[in-house]
Amino acid sequence: MPGIALLDNPVQEYAWGSRTFIPRLLGKPFPAPTPQAELWMGAHPHGTSSALRDGRWVPLSDLIQKDPSGILGKSTAARFSNRLPFLFKVLAASKPLSIQAHPNQEQALEGFEREEKQAIALSAHHRNYRDPFHKPEILCALTPFWALKGFRTVDEIRAILSRVGFRAANLPYLQEKDENGFRKTITKLLTMGREEQKRFVSNLVSAIAAHPSSDPVFEWMIRLQEDFPDDLGVLGPVFLNLVLLQPGEALCIAPGELHSYLDGAGLEVMANSDNVLRGGLTEKHTDVQELLKILDFSPGQKKILHPRLQGSAEWLYPEGAEEFLLSRMTLEHGMVHQSPMKRSVEIMICVQGEAELSDIETGQTLSLRCGSSMMVPASAKGYRLRGAGTLYKASVPLEKSLGFHG
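About the thresholds
- Residues numbered from 1 in each chain as written.
- Predicted model: local features only at pLDDT ≥ 70, side-chain atom pairs only at ≥ 80, totals over all residues.
- Heavy atoms only, no water.
- Axes fitted to C-alpha atoms, helices over the stretch in contact; angles between N-to-C directions.
- Helix = DSSP H or I, 4+ residues; strand = E, 2+ residues; numbered from the N terminus.
- Parallel < 35°, antiparallel > 145°, perpendicular 65-115°, else oblique.
- Left-handed = near helix turned anticlockwise from the far one by under 90°.
- Contact = heavy atoms within 4.5 Å.
- Nonpolar A, V, L, I, M, F, W, Y, C, P; charged D, E, K, R; others polar.
- Core = buried A, V, L, I, M, F, W, Y, C linked by side-chain atoms within 4.5 Å.
- Buried < 20%, exposed > 50% of the residue type's maximum accessible area, 1.4 Å probe, protein only.
- Salt bridge = Lys/Arg side-chain N within 4 Å of Asp/Glu carboxyl O.
- 1 Å grid on protein atoms, 1.4 Å probe; cavity = no way out; pocket = protein on both sides within 12 Å on 5 of 7 lines; lining within 4 Å.
- Points joined across faces, edges and corners; volume = space filled by probe spheres on them.
- Pairing = 2+ DSSP bridges.

Visitor: Tell me what's going on with the packing of helix α8 (residues 194–209) against helix α9 (residues 216–227), and back it up with residues and numbers.
Guide: The interhelical angle for the contact between α8 and α9, taken along N-to-C directions, is 130 degrees, at an axis separation of 10 Å. Between α8 and α9, the angle falls in the class oblique. Handedness of the crossing formed by α8 with α9: left-handed. Taken together, the residues of α9 that come into contact with α8 (itself represented by V201, L204, V205 and I208) are F218, M221, I222 and Q225. Partitioning the contact of α8 with α9 into residue classes produces 7 nonpolar, 1 polar and no charged.

Visitor: Tell me about the nonpolar core, and please be specific about residues and values.
Guide: If you look at the biggest cluster of nonpolar residues, it comprises 47 residues, and the most contacted ones within it are F182, L189, L204, L235 and F239. Here the element with the most residues in this core is α8; it accounts for 6 residues. The contacts of F239, once residues within four sequence positions are left out, are G150, F151, R152, I157, L171, F182, T185, I186 and L189. Core analysis: the next-biggest nonpolar cluster, separate from the first, contains 44 residues, I22, L26, C140 and V351 among them.

Visitor: A description of the pattern of salt bridges should follow, citing residues and the corresponding values.
Guide: Once their charged atoms are close, side chains differing in charge can pair, the charge on each being opposite to the other. Here the structure, examined in full by the defined rule, presents 16 salt bridges. With a shortest N-O distance of 3.0 Å, R127 and E115 are connected by a salt bridge. Residue R127 is located in the loop between α5 (105–117) and β10 (137–141), and its partner E115 is located in helix α5; the two are separated by 12 residues in the primary sequence. Given a relative accessible area of 3%, R127 falls into the buried group. Where E346 meets R343, a salt bridge forms, and the shortest distance between an N and an O atom there is 3.4 Å. For the pair formed by E346 and R343, the shared burial category is buried.

Visitor: Describe empty space enclosed by the protein, listing the residues and the values that go with them.
Guide: Enumeration over the complete set of coordinates arrives at 1 cavity of 30 Å³ or more. Each pocket or cavity is described by its volume, and for the largest cavity that value is around 190 Å³. As for the largest cavity, its lining consists of 15 residues, of which I99, L190, L232, F239 and L258 are closest to the centre. When residues of the lining of the largest cavity are traced back to their parent elements, those giving at least two are α7 (179–191), α10 (236–239) and β15 (277–280).

Visitor: Please set out unusual backbone geometry residue by residue, giving values where relevant.
Guide: For residues besides glycine, phi is generally negative; the peptide bonds are generally trans as well. Residue P31 is reached from F30 by a cis peptide bond, and omega for that bond is 0 degrees. Following the sequence through the fold, P31 ends up in the loop between α1 (21–25) and β3 (38–41). Although it is not a glycine, A119 sits at a positive phi angle of roughly 60 degrees. As for its placement among the helices and strands, A119 is situated in the loop between α5 and β10. The phi angle at D230 is positive, at roughly 60 degrees, despite the residue not being glycine. By the element assignment, D230 lies in the loop between α9 and α10. For D230, a relative accessible area of 17% puts it in the buried group.

Visitor: Give me the pairing of β10: which residues, what numbers.
Guide: With respect to burial, β10 is a largely interior element, 5 of its 5 residues being buried. Side chains of β10 alternate between two faces, with E137, L139 and A141 and I138 and C140 buried alike. Two elements, β10 and strand β13 (residues 250–253), share 4 bridges in a ladder whose sense is antiparallel. Across the sheet, I138 pairs through a bridge with C252, a residue of β13. Across 5 bridges, the pairing between β10 and strand β14 (residues 259–271) is antiparallel. Counted as the bridge partner of E137 is M270 from β14.

Here it is, written out as structure tokens:
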């Protein structure tokens, strides 16, 4: 019978990562010699956690393969073909991530099957669909966190451009009021020749420089121009909603929603998929035509998520997906939080203070400090948490489906 286990998690060293946040969280020396971008908690093929079992570190993917019902729960194992359906991350960005969007489930399946028929290797740099799954996600800030999320309204875009006296003469469709006109505008921008894109971006940045402003939209454009000279993604703060999250606040990214994470540290939980279509701020593969096929051109929702108290110490974020839920456990001295008896697999990480977790059935106890993470299998009858600290938890909802809105 699998029990509660501490986790050891891989760190992904992407160029945009911070050299300080993840090492400091884990109690390691910082700054690190290389950027530490993401800490992965889960059983992803490109980086699985290891669980401490009888004094040995065992890949979590192996544990799930040996006992999918015990780890995941019978319902979750059946619904997701014996695979952990989510990936839980600590994300620490000191530079912007690429502007990107993810397909919905139907688009992901169609694209995956199409590229399989074309015999494009899964490891090929130009492969767009590496699995047949969608990729909804939630990002919860641990520090002040800047992001781009979904398209602005046409009126907002025109107002921003007019403030610096910029006339988008080569974007005539922006004068149209309906979504089709906006779609044609974005399509024209994305399909411009590289030299035309460079001129457009350079001219707009020059107009901004001629009108100094403390507006974060313009400040971010200047910063993006420094990091990605004349890249089309520099236009992101004009065309996309610029969002600043405070610690504990979250946002969700729906399929087809163009977005980018710009700066800060947070926790991210997502469906366990690699399907990403990029449109700017990157040197990686981009496929503009495929991106245009999956984009949602309607104005994006700017809603910031705040958790709701559920029980004595658990704060649940109100939106999730079929694959995951996110919640925060806030413990104070003398407080005891007891889990429900019926639950799915859970992965938790302590981000502040200390806590102690006790298995109600076996009496097994784990001490957790800042940076510690653990997996609680579905077969555990329940547990109690006590201490003074803050933990975040990713789990699988027991219901078959939940609404997910960007």
